[in-house]
Amino acid sequence: MTILLLFSSHTLFAQQHQQQGRNAKVNVGLVYPLSSNWTGAPLDTNQFSLNLLAGVSAGEHSFSFAGISNIIRHDANGLQLAGFSNHIGKKANGILIAGFMNTSKSGKNTAIAGFGNFSKTASNVQVTGMINIGGEVSSLQGAGLMNMARNVKGLQISGFMNKAKNVKGVQIAGFINIADTAAYQIGIINISKNGNMRLGAQIDENNTTLLTFRSGGKSVYGIIGAGYNFKNKENVYALEAGLGLHLYTSGLFHLDTELTQGSLLNFEGSATYKSTFRLMPAISLAEKINLFVAPSLHYINTDVMEDRLLRKKYIASWNEDNGRNFQGLYFGYTAGVTFSLR
C-alpha cells in the first residue's frame, strides 16, 4: 500500500511538471535539448523563445529567434526570425523572416526569405530572392526567379516566370506567365486559356524579317521574335522582344501600339541594339488573319559601320567614345501578318 501511494505521488508530480513545461512562457537555449525547456521543448508552447543555434517547440505565441532554424511543430503567431530557416508544421499567422527558407502548411502571414518560401495550402504575402510556392495566395508573391501557386488574388511578380491556376489580379514576369485563367498578364510570353496567342511574320525598312509570337490578354500582350537581315553581311541574325497594348477594336479594324527592344548580331561579339515604338493599324482579312502596316520610330546604338549605313537619313544622330559608338533616331515602318491560334 505504501509503495502504491509513493508511485502515485511520483506519477502525479511528473504529470504536473510536464504540464508546466507545455505551458512555458519563455525558452532560452543553445540548441535542442540544451535549453530552459530541456527535453520537453517539443511539447512546449512559448510566448518568447531565443536559441543561439536552433529551437524546437510545439507552438509560438509572440516571438522566436534562432541563429540557424526555428522548428515549430504546430502553430506560430507573431514574429519568427531565423538566420537560415523557419519551419511551421501547421498555421503561420504573422511574420516569417529567414536568411534562406520559410516553410509552413497554411496561415495568414508575410514570409520573407533569401532563397524560398514554401506553403502547402494557403499564404498571404511571399517575398523571396529566388522562388515562392504557395497554395491559395491572397495578396502578393514576389520572387527574383519564379512564383508558383494554385490560385492568386492579387499580384504575382517575378524576374523570370509565374505559374498559377486561376489569377484574379495581375501576373508580371520578366519572361513567361502561365495560368488557366488570368485577368492581366504582363510578360514576353503569356499563356492562358482565356488569352490571345498569335503567330506572325514581319519585315521592316531595313529588310529585317522576323517570325513572331504575340500573347496576352484583352489589354496587354507580349512580343518575341527571331529572324534574319537580308542587307547585312556580318550582323545578320535578328532578335526582338517587347510589350504591346490594344488601343481600339471595331469590327474588322484594330489599332495597337508596341514598344520593343531588338538587336542585330553575329554571335561573335558584334551587336547593334534598336528600340522601336510602333503604332499598328490592322485589318482582319479573315476570322483569324490580320494584316498590318505600322509607322515606327527607331533609336539605334551601334559600333558596327554596316548597321549604321542601313539608313542614309536620321532625324538626329551623335557619336560617343571618340566616334566608335553611333546613336541615331529615324522613322521607319513594320509590315506583316499575324495568325490567331484561338
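Since the structure is predicted, the reported quantities are computational estimates derived from the model, not experimental observations.

### So, the overall build of the protein chain
Within the protein chain, the secondary structure is distributed over two helices and 26 strands. A compact globule built from 342 residues should have a C-alpha radius of gyration of about 20 Å, whereas the protein chain, at 30 Å, is more than 25% larger. By principal-axis analysis of the C-alpha atoms, the protein chain measures approximately 110 × 55 × 25 Å. Burial status across the protein chain gives 42% buried among its 342 residues. Put simply, 25% of the contacts in the protein chain that link residues at least 6 apart link residues at least 24 apart. Entry remark: accessible area of the protein chain is about 17,500 Å², with carbon and sulfur atoms responsible for 66%. Distance from the positive charge centre (28 side chains) to the negative charge centre (18 side chains) of the protein chain: 12 Å.

### Some points on the pattern of salt bridges
Taken as a whole, this structure holds five salt bridges when the rule is applied. Two residues, Asp-204 and Lys-274, come together in a salt bridge whose shortest N-O distance is 2.8 Å. Highlighted residues: Asp-204 in strand S18 (residues 196–204) and Lys-274 in strand S23 (residues 271–286), separated in sequence by 70 residues. Between Arg-214 and Glu-258 there is a salt bridge, and its shortest N-O distance comes to 2.7 Å. Residue Arg-214 is located in strand S19 (residues 208–216), and its partner Glu-258 is located in strand S22 (residues 253–265); the two are separated by 44 residues in the primary sequence. A single burial state applies to Arg-214 and to Glu-258, both of which are buried.

### Describing the pairing of strand S15 (residues 161–173)
In this structure, strand S14 (residues 146–158) lies alongside S15, joined through eleven bridges in parallel fashion. Looking at the pairing, Lys-153 lines up with Lys-168 of S15. Pairing analysis gives nine bridges linking S15 to strand S16 (residues 176–186), with the strands arranged parallel. Note that in S16 the partner of Met-161 across the bridge is Ile-176.

### What about the packing of aromatic side chains?
Taken as a whole, this structure holds eleven aromatic pairs when the rule is applied. An angle of 70° between the planes, with centres 5.2 Å apart, marks the rings of Tyr-314 and Phe-326 as edge-to-face. Of this pair, Tyr-314 sits in the loop between helix H2 (305–308) and strand S25 (316–320) while Phe-326 sits in strand S26 (residues 325–340); the two residues are twelve residues apart in sequence, bridging distant segments of the chain. Ring geometry for Tyr-314 and Tyr-330: centres 5.6 Å apart, planes at 90°, overall edge-to-face. One end of the pair, Tyr-314, is in the loop between H2 and S25; the other, Tyr-330, is in strand S26, and 16 residues separate them in sequence. Three or more aromatic residues joined by ring pairs form one cluster here, namely Tyr-228, Phe-230, Tyr-237 and Phe-267. Above the plane of the ring of Tyr-221 lies Arg-198, whose end atom (NZ or CZ) is 5.2 Å from the centre.

Rules and cut-offs
- Residues numbered from 1 in each chain as written.
- Predicted model: local features only at pLDDT ≥ 70, side-chain atom pairs only at ≥ 80, totals over all residues.
- Heavy atoms only, no water.
- Helix = DSSP H or I, 4+ residues; strand = E, 2+ residues; numbered from the N terminus.
- Rg over C-alpha atoms; globule rule 2.2 N^0.38 Å.
- Buried < 20%, exposed > 50% of the residue type's maximum accessible area, 1.4 Å probe, protein only.
- Contact = heavy atoms within 4.5 Å.
- Areas by Shrake-Rupley, 256 points an atom, 1.4 Å probe, with all protein chains shown as cover.
- Lys, Arg positive; Asp, Glu negative; His and termini not counted.
- Charge placed at Lys NZ, Arg CZ, Asp CG, Glu CD.
- Salt bridge = Lys/Arg side-chain N within 4 Å of Asp/Glu carboxyl O.
- Pairing = 2+ DSSP bridges.
- Phe/Tyr/Trp six-rings, centres within 6.5 Å; stacked < 30°, edge-to-face > 60°.
- Lys NZ or Arg CZ within 6 Å of the ring centre and 35° of its normal.

Honestly, that's just the spatial picture; any functional story needs more than this.
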